[in-house]
Structures are given as C-alpha cells and as structure tokens.
Amino acid sequence: MAGRNHLYVPGPTNIPTEILSAMNVDSQDHRSPIFPDLLKPLLADLKKVFKTETGQAFIFPATGTAGWEIALTNTLSPGDKVLIYRFGQFSHLWAAMAKRLGLDVEVVERPWGEGIPLDDLETRLKADGRHTIKAVLATHNETATGVTSDIGGVRKAMDAAGHPALLFVDGVSSIASIDFRMDEWGVDGAISGSQKGFMLPAGGAFVAFSQKALKATESATFPRCFLDLKDQMAANKDGYTPYTPSIPMLHGLRKALDLLFAEGLDAVYARHARLAAGVRKAVAAWGLENCAKPGFESNTVTAVVVPAEKDARAVISTAFSKYNISLGAGLTEVAGKVFRIGHVGDMNDVSILGALAGVEMALLDNGFTIKPGSGVAAALEYYRATAG
Ligand SMILES: *Cc1c(COP(=O)(O)O)cnc(C)c1O
C-alpha cells in the first residue's frame, strides 16, 4: 500500500528520524578508553528521567519483561512473599513471572479498567503485622486497559501501614511520558523499556534501584547471571558494561534523552495529557466507552470498549488492511472487546487526528452507528482551543 503505515500501538512507538539517524553508527569497541564518555552520561541522565538522585540507573540489553525479572531476582529469595494487583495483561504477566520464579505471590484480582485500590492496599499491609510481604509490585500504567494507578498514593498507603516492603513499579509505558517521581514516591525499583516513551526500538531495559533495593541484593538468594545487578555495578563504576552492549541503542538513547530534555519533561507530560484528552473526547463523541474507569484514564493509551455484539478485532483488521494504520489489540480477557489507540512517544495533534480519522473509517465500515467526522471534530476543536 502506498504511503506509510501509521503506527498507533502503545509500543513499539514511532521513532523520530533524528533518533534513527543517531543510531546509524559504525560499530565501536566497547572496551575502548572513550566508551565511558558515552555510557556514563547516559546513566546519569536516565536518573533525571526516573527523578532519582539517590538511586542508581542501569541499562540492560533486554526488554521490559527482563526489567521485572531484574527487580525480583536481585532483591528477593525463593519463597518470599510479594503482593500484586492484577487488572490487565501486564500486571497478569508480572504476577505469573513471580510465581514461575518460585515466589509466594498474593494476587489480588481487580476489574480490568480499574487500578490499584489504595484503601485495600493499606488494609492488607496493616494486616501483615509480621511483615511477611517483602515487596509490593505496582503496575503504574496498565497498557492493556489504559489504566494509570496513583504511585504516590501507593507510597502513602505503605507508609500509613508502617510497612517496610520494597516498592517495585512497572513504568514501561509511563516513564518518559507520564509524571514519575522515584525518590519522592519512595520507589525502590523502577522498570522501563526503550520502545515506548523513550521512542527507541525494543531491546533496552532501563531500570533504577534505590539504595534500599541495592542493599537487598546482598542477601537475595535467587540465582542470577545475565541480569545480575552486581556485575553491572562492577563494570558501570568505570563506565563499562559486563558484556557487549547495543551500540546503536546507546547512541539512540543519547538522542532520545536530548530530545526529552530539550522539550522539557514537564512539557512532555503535558503534551501526552493534552493529546490523551483529545482522544477521550473523540471516544465520547462516538458514543463509545473508555475501558478505564473515571480517575484511572491513561495519558499514553486509550482502550476503547466496543458494544457486546461487535468484535474489536474486525475494527483493527479493517484499519490495518484498508487504511494502513496499526491499532493495539485487546489482550486475553479483553480480546475482541477493546481496541487500543496508543498516544505515546513522538506524537502531535495531527498524528492523533490521523489515528482518529482512521478509526472512524474502520468503525463505519464495521457498521458502527457513529456520525462521520464526529470524533475527529471533537478532538480538533479541543486541540485548537488548547494549542500552545
Ligand atoms: C510493554 C510493556 C511491558 C513489556 O515490555 P517488553 O518490552 O515487551 O518486554 C511490560 N509492562 C508494561 C506496562 C508494558 O506496557
């Protein structure tokens, strides 16, 4: 099909040409004396994105999934108890990993469309008077349902219960696009990946750990090798890595961080919030429902619920084959029930309007009774009224 494929999945996201160009580099010796000039500033600058001064950032040649495993295996031991709320495919997979590793996992089921219930968390932690729960696993932005949880509130609930558990946060689809404050929120392990807000290809797990978490690595007995933080720390100290890094990824990350800082992190968050608000106006104008319940709406992805007699897969399929746009599918429990519009990363008003126009055509083709142009009109009026 002529013209480009328009990518509106919530990861991998569109890669700005400047980043693609920056990644087009010759191979380089990662043992050379100049390699630390590349790595050291990257690790220091990642901390600014995580908003940590006291923690330490790491880059693994891996993906977000590895980030979960890095947090669990480096700080815990087999049989340790962890608490996790399950309300979408990503919180589901993290809980499943914890079980497969041999942790004692307390999984609390929540409706898909809601996030972490703070009162319930506080109650559960208070009930754990002997502090058997070693870590709380929190999914900041549940990408499957477009739900954002209140991590500052999670910290408050933990403090109110006087509970010493570690707090690990999956920020794969929030960090670098939704406000995230590692130190202020007392996050012990923050997990992100390269292919969402960082606008890079997949293949980079970007993580940061608090001093408390780093201390926990000393007593953690899970076997670990490739994902061992100790090996990273030993090599990173002098600006090197324990094994061969992806050189293009590092150069791409340099450019991505430069772009994020040039725009300003607060401006990046505000842009995502504004674009997301326009998408929500379009969804309302179509008379469709947001999977996220009020108060939980994500600024990086919107999962749109289709009426029970419709199959969201048909919308996604038409959008791809007829209009060359890629939308996110509904995963497992919401398969066929939702389609997702990713509005994360390198996006602006017109790119979102393209997504909405493509969705409208696919909805009309699939017999949805919507007024042509209604969603686009709602969003464009909002964007015009709020343009900087
Ligand atoms: C994408 C995503 C992951 C998984 O990341 P991979 O890079 O595919 O391993 C984990 N958690 C969330 C919230 C995500 O959006």
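For clarity, every value in this text was computed on a predicted model and none was experimentally measured.

Draft legend 1. Up close: the domain arrangement of the protein. The assigned domain composition of the protein is domain 1 (6-12 + 264-386) and domain 2 (17-262). Measuring from the centre of the C-alpha atoms in domain 1 to the corresponding centre in domain 2 gives 27 Å. At the junction of the two partners, domain 1 supplies 28 residues and domain 2 supplies 31 residues. Interface area for domain 1 against domain 2, summed over the two sides, is near 2300 Å², with a carbon-plus-sulfur share of 62%. The largest per-residue losses of area from domain 1 upon contact with domain 2 belong to L265, Y269 and F296, which jointly make up 27% of the total buried on that side. Linking domain 1 to domain 2 there are one salt bridge. For the salt bridge of R86 with E333, the shortest nitrogen-to-oxygen distance reads 3.1 Å.

Draft legend 2. Seen up close, the site of the ligand. Looking at the ligand, the residues that line it are T63, G64, T65, W68, F90, N141, T143, D170, V172, S173, Q195 and K196. Contacts to the ligand include T65, whose side-chain N or O atom sits 2.5 Å from an oxygen atom. Taking K196, its side chain carries an N or O atom lying 2.7 Å from an oxygen atom of the ligand. Computed on the free molecule, the ligand has an accessible area of 380 Å², of which 88% lies beneath the protein chains in the complex. At three residues, the largest contribution of residues to the shell around the ligand is made by helix α3 (residues 64-75).

Draft legend 3. The side chain of T148, seen in detail. Relative to the assigned elements, T148 resides in strand β7 (residues 147-148). At 2.7 Å, the side chain of T148 forms a polar contact with the side chain of N141. Sequence-distant contacts of T148, that is, excluding residues within four places in its chain, are made with H140, N141, I178, G295, F296, E297, S298 and N299.

Draft legend 4. A look at the sheet that holds strand β12 (residues 301-305). Read across the sheet, five strands follow the order β1-β13-β14-β12-β11 without closing on themselves; strand pairing throughout is mixed. Pairing within the sheet leaves two strands with one partner each, and these edge strands are β1 (6-8) and β11 (289-290). Taken together, the two bridges between β11 and β12 define a ladder with antiparallel strand orientation. Within β12, the residue paired with E289 across the bridge is V305. Against the sheet, helix α11 (residues 312-323) makes contact with β13 (325-329) and β14 (338-342), and its axis sits at roughly 160 degrees relative to β13, the strand it touches most.

Draft legend 5. Looking closely at the pairing of strand β10 (residues 205-209). Of all the five residues making up β10, five are buried; the element is thus mostly covered by neighbouring parts of the structure. Going residue by residue along β10, you find A205, V207 and F209 tucked away on one face and F206 and A208 tucked away on the opposite face as well. Bridge analysis of strand β2 (residues 56-60) against β10 gives five bridges, and the strand direction is antiparallel. If you follow Q56 over to β10, its bridge partner there is F209. The pairing of strand β9 (residues 189-193) with β10 spans five bridges and is classified as antiparallel. In the sheet register, A190 faces β10, and the bridge partner there is A208.

Draft legend 6. How the structure looks around unusual backbone geometry. The peptide bond linking G11 to P12 adopts the cis configuration, its omega dihedral lying at 0 degrees. Note on placement: P12 falls in the loop between β1 and α1 (17-23). Its identity is not glycine, yet H131 carries a phi of approximately 55 degrees, on the positive side. Summarising the element assignment, H131 is placed in the loop between α5 (118-127) and β5 (133-139). The residue T332 is not glycine, and still its phi comes out positive at about 40 degrees.

Procedures and definitions
- Residues numbered from 1 in each chain as written.
- Predicted model: local features only at pLDDT ≥ 70, side-chain atom pairs only at ≥ 80, totals over all residues.
- Heavy atoms only, no water.
- Domains from an automatic or database assignment.
- Contact = heavy atoms within 4.5 Å.
- Buried area = accessible area lost by both parts, 1.4 Å probe.
- Salt bridge = Lys/Arg side-chain N within 4 Å of Asp/Glu carboxyl O.
- Near = heavy atom within 4 Å.
- Polar contact = N/O pair within 3.5 Å; in protein donor to acceptor, adjacent residues only side chain to side chain.
- Areas by Shrake-Rupley, 256 points an atom, 1.4 Å probe, with all protein chains shown as cover.
- Helix = DSSP H or I, 4+ residues; strand = E, 2+ residues; numbered from the N terminus.
- Pairing = 2+ DSSP bridges.
- Axes fitted to C-alpha atoms, helices over the stretch in contact; angles between N-to-C directions.
- Buried < 20%, exposed > 50% of the residue type's maximum accessible area, 1.4 Å probe, protein only.

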